[in-house]
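What the coordinates show
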Amino acid sequence: MKKSIGILCISFLCVFNAYTQDSVSQKQTYLLRFHASQGKVINNFKELPPYSNSQYFECDLLRNTNGSKEWHAQYLFPEIGVSFLYGNLGNDSILGSMYSAYPTWYFHVFRTRKLGALIKAGVGFAYFNSPFNIHTNQKNIIIGSHITNITTFSFLLRYQLTQSIQLSSGVSFVHFSNGHLRIPNVGANDLRYSLGVHYAPMRENLPKARKTYDWDTTFNFNVRIGMGLHEMAGTIRPIGGKLFPIYCAAAYVSKQKGIHNMYVGLHAKYYEGFYNYIRIEDLYPGSEHVKSMVLSSFIGHEFLVGRWSFVQEIAQKFYNPFFNDISPYQPVEQKQKITAKNILSARIGFRYYVLKPAMQQKNNLAVGLFIKTNLAQSDYVECNVSYSF
């Protein structure tokens, strides 16, 4: 099987090289990257089913950025495209196989004619053919639904074998989670080692200097409203619960420098599931709605790419009564002490602006899709709308 895949990859590279010779001569460079990798899912939960080494096969269809947009040079001329991934997590009968297609970026840390180092990043969706099923597959508590998020980061070293062919080796991390939309949702964190062969013609005469930017002298005020969904449950139980909405609002100030946008603000969330539990248990009479809220301060950063941005946020919760006082899904011994998960949360996702932020920072509307976590545990999937004044 592996030998056949290797022969197929080499044959495909030869055909692709012949097909793209004209494009390369016109400096419109396209790339193919094939990777085979092996890893092991991190054992982060005591009730996981048995599994062995994971295996993945990946094909990246990419195009070199050519400097036609200003952000190309700011990101050191990255490669952008789509990754197609097939793999298994080390137990076909329980965990099954996964398939994924997701947008991906390659960033060059350094490059010479022969050697180079790259960082690969991608976020998208994956399909699992054997998720948890209450009747037929109760042991798969790692993957609770057919569709999950996939987030992957890789560090690769490459060697230019010929004018157009590269070899690579590196390590990568991949995460799968359904964002707490279905329970169980332990999720999978996999550390992998990979080998690759690439069709990647050498690039010459790239500008060595980038335009530098100063921080803007003015601050922008922003507001954001959104809604998320999750099951009101722990990591693996109870199973088959109802989906509850989470209503979110935030206000923050931001400042931009080139491809970077930094911001700080306050975030309020109202959990319908918290309110439902408090009401059923007759807790906090007269304060049910207030006790169903979570308040936090946060800092965030955006990598700006035209109208798109990749967003990372970290927050400190200063009002979280449900989890600090009465959460039924925490062990008894933890209810009397504050844990990192009760204090820290994070969000990661994408935002799309109506107007390019580099050209129009104020009076700009954006929509976003995010996964929110409590420390490293998924909490909910959120869609939101934001506006900058």
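To keep things clear, this report deals only with the structure shown in the data block. Please read all numbers here as calculations on a predicted model, not as lab measurements. (Residues numbered from 1 in each chain as written. Predicted model: local features only at pLDDT ≥ 70, side-chain atom pairs only at ≥ 80, totals over all residues. Heavy atoms only, no water.)

**Considering the overall build of the protein**
What counts, and what does not: To qualify as a helix, a DSSP run of H or I must reach at least 4 residues; to qualify as a strand, a run of E must reach at least 2; elements of each kind are numbered from the N terminus. Buried residues are those whose accessible area, probed at 1.4 Å on protein chains only, stays under 20% of the maximum for their type, while exposed residues exceed 50% and partly exposed ones sit between those limits. Residues are treated as being in contact if the distance between any of their heavy atoms lies within 4.5 Å. The Shrake-Rupley method, run with a 1.4 Å probe sphere, supplies the accessible areas, and residue values consider only the shown protein chains as cover.
In terms of regular secondary structure, the protein is built from 7 helices and 16 strands. Scored against the burial criterion, the 389 residues of the protein give a buried share of 48%. Put simply, 64% of the contacts in the protein that link residues at least 6 apart link residues at least 24 apart. Counting every atom, the protein has about 19,500 Å² of accessible surface; 63% of that belongs to carbon and sulfur.

**Observations regarding helix α4 (residues 272–280)**
Burial in α4 covers these residues: Gly273, Phe274, Tyr275 and Ile278. The inward-facing, buried residues of α4 abut β10 (243–257), β11 (260–271), α5 (288–291), β12 (293–305) and α6 (321–326). Looking one or two places after α4, you find Asp282, whose phi comes out positive at around 55°.

**Structural notes on the sheet that holds strand β2 (residues 54–64)**
Definition in use: DSSP bridges decide pairing: two strands pair if at least two such bridges lie between them. Helix axes are fitted only over the stretch in contact, all axes being lines through C-alpha atoms; the angle between N-to-C directions runs from 0 to 180 degrees.
With antiparallel pairing, 8 strands are arranged side by side around a closed barrel as β1-β2-β3-β4-β5-β6-β7-β8. Across this sheet, the average inter-strand angle for adjacent strands is 25°, counted without regard to direction. Sheet topology places strand β7 (residues 165–177) next to strand β8 (residues 188–199); 12 bridges connect them, and they run antiparallel. When the sheet's bridge partners are listed, Ser168 is paired in β8 with Gly196.

**Examining unusual backbone geometry**
The residue after Ile183, namely Pro184, is reached through a cis peptide bond having omega 5°. Here Pro184 is to be found in the loop between β7 and β8. The phi angle at Phe77 is positive, at roughly 55°, despite the residue not being glycine. When you line up the elements, Phe77 lands in the loop between α3 (70–74) and β3 (79–88).

**Notes on a nonpolar patch on the surface**
Using the following cut-off: Patch criteria: residues need more than 30% relative accessible area and no salt bridge. Like-charged residues are merged within 9 Å; nonpolar side chains of Val, Leu, Ile, Met, Phe, Trp and Tyr are merged within 5 Å. Any carboxyl oxygen of Asp or Glu that lies within 4 Å of a side-chain nitrogen of Lys or Arg is treated as forming a salt bridge with it.
Side chains of Val109, Phe110, Leu115, Ile119, Phe155, Leu157, Tyr159, Leu161, Leu167, Val171, Tyr193 and Leu195 sit close together on the surface and give an oily, nonpolar patch of about 1,100 Å² of accessible area. Per-element tally for the nonpolar patch: the top contributor is strand β6 (residues 147–160), with 3 residues. Judged by relative accessible area, which is 42%, Phe110 ranks as partly exposed.

**Things to note about the sheet that holds β11**
On the basis of which strands lie adjacent, the closed barrel formed by 8 strands has the order β9-β10-β11-β12-β13-β14-β15-β16 and antiparallel pairing. Averaged over all adjacent pairs, the angle separating strand axes in this sheet is 25°, with direction ignored. The pairing of strand β9 (residues 220–231) with β10 spans 12 bridges and is classified as antiparallel. When the bridges of β10 are listed, Met227 appears paired with Tyr247.

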